[in-house]
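# Per-entry structural report
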Amino acid sequence: MALTTEQPLTIDKPRSSGRPAARRSNFELYSWLFMRLSGLLLVVLVLGHLLIMNILDDGVHRINFGFVAGRWASPFWQLWDLAMLWLAEIHGTNGLRTVINDYARKDATRFWLKMLLYTSMVLILAVGTFVIFTFDPNIGD
Amino acid sequence: MTASTTSPTDQTTSGSRGTTPPVPEGAVAVTVKIRRFNPEVDPEPYWQSFEVPALPTDRVLNLLHYVKWYLDGTLTFRRSCAHGICGSDAMKINGVNRLACKVLMKDLFAGDGKQTTVTIEPIKGLPVHKDLLVDMEPFFEAFRAVKPYLIAYGNEPTRERLQSQADRARFDDTTKCILCACCTTSCPVYWTEGSYFGPAAIVNAHRFIFDSRDEGAEERLDILNDVDGVWRCRTTFNCTDACPRGIQVTKAIQEVKRALLFRRT
Ligand code: HEM
Ligand code: SF4
Ligand code: SF4
Ligand code: FES
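Residues numbered from 1 in each chain as written. Chains lettered and ligands numbered in written order. Predicted model: local features only at pLDDT ≥ 70, side-chain atom pairs only at ≥ 80, totals over all residues. Heavy atoms only, no water.

Counting its secondary structure elements, chain A contains four helices and zero strands. The C-alpha radius of gyration computed for chain A amounts to 25 Å, which surpasses the reference 14 Å derived for 141 residues by more than 25%, pointing to a less compact arrangement than a globule. For chain A, the spread of C-alpha atoms along the three principal axes comes to 95 × 30 × 25 Å. Considering chain A as a whole, with its 141 residues, one finds that 29% of them fall into the buried category. By sequence separation, contacts in chain A at least 24 residues apart represent 69% of the contacts at least 6 residues apart. Of note, chain A has its 13 positive side-chain charges centred 15 Å away from the centre of its 11 negative side-chain charges. (Helix = DSSP H or I, 4+ residues; strand = E, 2+ residues; numbered from the N terminus. Rg over C-alpha atoms; globule rule 2.2 N^0.38 Å. Buried < 20%, exposed > 50% of the residue type's maximum accessible area, 1.4 Å probe, protein only. Contact = heavy atoms within 4.5 Å. Lys, Arg positive; Asp, Glu negative; His and termini not counted. Charge placed at Lys NZ, Arg CZ, Asp CG, Glu CD.)

What follows is the structure, encoded as structure tokens:
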């Protein structure tokens, strides 16, 4: 039989898979675990937050500058809001990272979408944390 | 029997085995609606319907044979054993992944004398070569990547590698896999990201990770711990629902996650 192929006469080993070697990193494991643990904490933090802000007393109708200033005068609520900010932001970012990993078709798209995501996370965390710690109830005076 | 086509292309309308046989007693005419694609002539896939006589004891595979043998010999699909063993005829039947040779027509008949329509599509997430025939190579590549063979170090034993009944039972469920791809091609994560190993590869890794005679568990756990491994699974159970062997696929995946979480780290 005449050989008509122009390709080199090689064939993959039967057990080859063409994938890069595993990276021996537990990053995906910890990220998976973090989603579950932060989710558990967020149930308490977010539902508590919604209850206080929207349901108790007069709900949203009593929220004004003074109400927020009053809550943030206490380190307890400062810490509550700080934990909620960090956990929800990182939880949401990590969730979107998963979604980008799933849906981005090209490596470049994947990379830039994630950069955009991480930049927005850092900005929101920085601004949010800054506000919680430097909030001044006498700002109008 | 007539074949109604919605295709712009001219399909052969004769089967590969000549004239239609007599319709058996008790057969009901059903509509078989097939997702067809011939890359050499069709710009894109289209639906084509055939009227086929079906007995309650027929499997969907019999109806496909009827179409191929007596109505349109160009219909292309895989099958081999016709008894749910070889795993070659996975396809999407009425929207769910099944082996055509294991779905009985009596379970598909529409009640109240209504016309029965059976829709058949290729499994999703693998490139379609023609009609119901898909390229299985990406599926088998993921299978090979998890090292689905016994790994043992040191001297060969002078007799069989013995194992207790309890040790054998540990991975019994995942030995039943026939590599049909029903599970992997029902997985929404695999649809969107083909580099995910997919449930079938994890099932076959599980079969060796939990085998007391095997010494390659750490290598396989490393592979499944990476970005395309078990952490991608969203626990939607599509794979478990699809498995024609009744393997608890999602449970096997969770057992690998558990091994990673508690046996290591
Ligand atoms: C109320 C408490 C919450 C709980 C218990 C919770 C729990 C979870 C869990 C367990 C996952 C992982 C799902 C999986 O891997 O299959 C997840 C994913 C995700 N979460 Fe949350 N979460 C909560 C709140 C939030 C909030 C406040 C946000 C937004 C900031 C958010 C955004 C996301 C996103 C984007 C994903 C990824 C979805 C995906 O994997 O397709 N979650 N959540
Ligand atoms: S349980 Fe996991 S592997 Fe199975 S279909 Fe769902 S996401 Fe895919
Ligand atoms: S686990 Fe079940 S569905 Fe998946 S390839 Fe094996 S036999 Fe088929
Ligand atoms: S033809 Fe072998 S499993 Fe269906």
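What follows covers the site of ligand 3. Around ligand 3, the neighbouring residues are C177, I178, L179, C180, A181, C182, C183, A200, C243, P244, R245 and I247 of chain B. Class assignment for the residues of the shell around ligand 3 results in 11 nonpolar, no polar and one charged. (Near = heavy atom within 4 Å. Nonpolar A, V, L, I, M, F, W, Y, C, P; charged D, E, K, R; others polar.)

Turning our eyes to something else, we now look at a nonpolar patch on the surface. All names here are of chain A. There is a patch of nonpolar side chains on the surface, built from V43, V44, V46, L47 and L50 and spanning about 410 Å² of accessible area. By the secondary structure assignment, V46 is in helix α1 (residues 27-55). A relative accessible area of 30% means that V46 is categorised as partly exposed. (Patch = residues over 30% accessible without salt bridge, like charges linked within 9 Å, V, L, I, M, F, W, Y side chains within 5 Å. Areas by Shrake-Rupley, 256 points an atom, 1.4 Å probe, with all protein chains shown as cover. Salt bridge = Lys/Arg side-chain N within 4 Å of Asp/Glu carboxyl O.)

This part is about unusual backbone geometry. Note: most residues except glycine have negative phi, and most peptide bonds are trans. Residues and elements named next belong to chain B. You will see that L179, though not glycine, has its phi angle at about 55°, which is positive. Its place among the elements puts L179 in the loop between α3 (165-169) and α4 (188-192). In the Ramachandran plot, A181 falls in the positive-phi region, its phi being about 80° despite a non-glycine side chain. Assignment of secondary structure puts A181 in the loop between α3 and α4. On the accessibility criterion, A181 (1% relative accessible area) is buried.

Attention shifts here to the coordination of the iron atom of ligand 1. Looking at the protein side alone, the iron atom of ligand 1 has one donor only, H91 of chain A (NE2), at 1.9 Å. Its place among the elements puts H91 of chain A in helix α3 (residues 75-103). (Donors = N, O, S within 2.8 Å, 3.2 Å for Na, K, Ca; no water.)

Within the element layout of this structure, D222 of chain B appears in helix α6 (residues 217-225). A polar contact is formed between the side chain of D222 of chain B and the side chain of R24 of chain A, at a distance of 3.1 Å. (Polar contact = N/O pair within 3.5 Å; in protein donor to acceptor, adjacent residues only side chain to side chain.)

Now for the site of ligand 2. Residues and elements named next belong to chain B. Taken together, 13 residues surround ligand 2, and among them C187, C233, T236, F237 and C239 come closest. Listing elements by their share of the shell around ligand 2, those giving two or more residues are α7 (238-242) and α8 (249-263). In terms of residue class, the shell around ligand 2 is built from eight nonpolar, four polar and one charged.

All right, on to the side chain of T93 of chain A then. All names here are of chain A. Secondary-structure assignment places T93 in helix α3. Its relative accessible area of 5% is what places T93 among the buried residues. A distance of 2.7 Å separates the side chain of T93 from the backbone oxygen of E89, its partner in a polar contact. With near-sequence residues (within four places) excluded, T93 lies in contact with L117, Y118 and M121.

Turning our attention to the pairing of strand β4 (residues 90-93) of chain B. Residue and element names in this part refer to chain B. Both faces of β4 are covered, namely the face carrying A90 and K92 and the face carrying M91 and I93. Taken together, the four bridges between β4 and strand β5 (residues 96-99) define a ladder with antiparallel strand orientation. The residue bridging I93 from the neighbouring strand is V96, located in β5. The antiparallel pairing of β4 with β5 creates a hairpin that spans two residues between the two strands, and N94 there sits at a positive phi of about 50°. The sheet contact formed by β4 and strand β6 (residues 117-121) spans two bridges and is antiparallel. Among the inter-strand pairings, I93 is bridged to a residue of β6, identified as I120. (Pairing = 2+ DSSP bridges.)

A separate point is the interface of chain B and chain A. Taken together, the 25 residues of chain B in the interface contact 22 residues of chain A. With both chains or domains summed, chain B and chain A bury close to 2,200 Å², and 48% of this area falls on carbon and sulfur atoms. Looking only at chain B, the three residues that lose the most surface to chain A are T192, D226 and W231 of chain B, adding up to 24% of its buried area. Taken together, chain B and chain A are joined by seven salt bridges. Linking chain B to chain A there are 10 residue pairs in polar contact (both at pLDDT 80 or more). Elements represented by at least two residues in the side of chain B that touches chain A include exactly α2 (137-145), α4, α6 and α8 of chain B. Per element, the largest residue contribution to the side of chain B that touches chain A is four residues, and it comes from α2 of chain B. (Buried area = accessible area lost by both parts, 1.4 Å probe.)

What follows concerns the environment of R35 of chain B. Residue and element names in this part refer to chain B. Locating R35 in the fold gives a position in strand β2 (residues 28-36). Separated by 10 residues in the primary sequence, R35 and P45 have C-alpha atoms spaced 6.6 Å apart. Setting aside its immediate chain neighbours within four residues, R35 contacts P45, Y46, W47, I120, E121, P122, D131 and L132.

With that settled, consider the confidence of the model for chain A. Taken as a whole, chain A shows an average pLDDT of 88; of its residues, 92% reach a score of 70 or greater. Mean pLDDT across the elements of chain A bottoms out in helix α2 (residues 65-72) of chain A (87) and peaks in helix α4 (residues 107-134) of chain A (96). (pLDDT = per-residue confidence, 0-100.)

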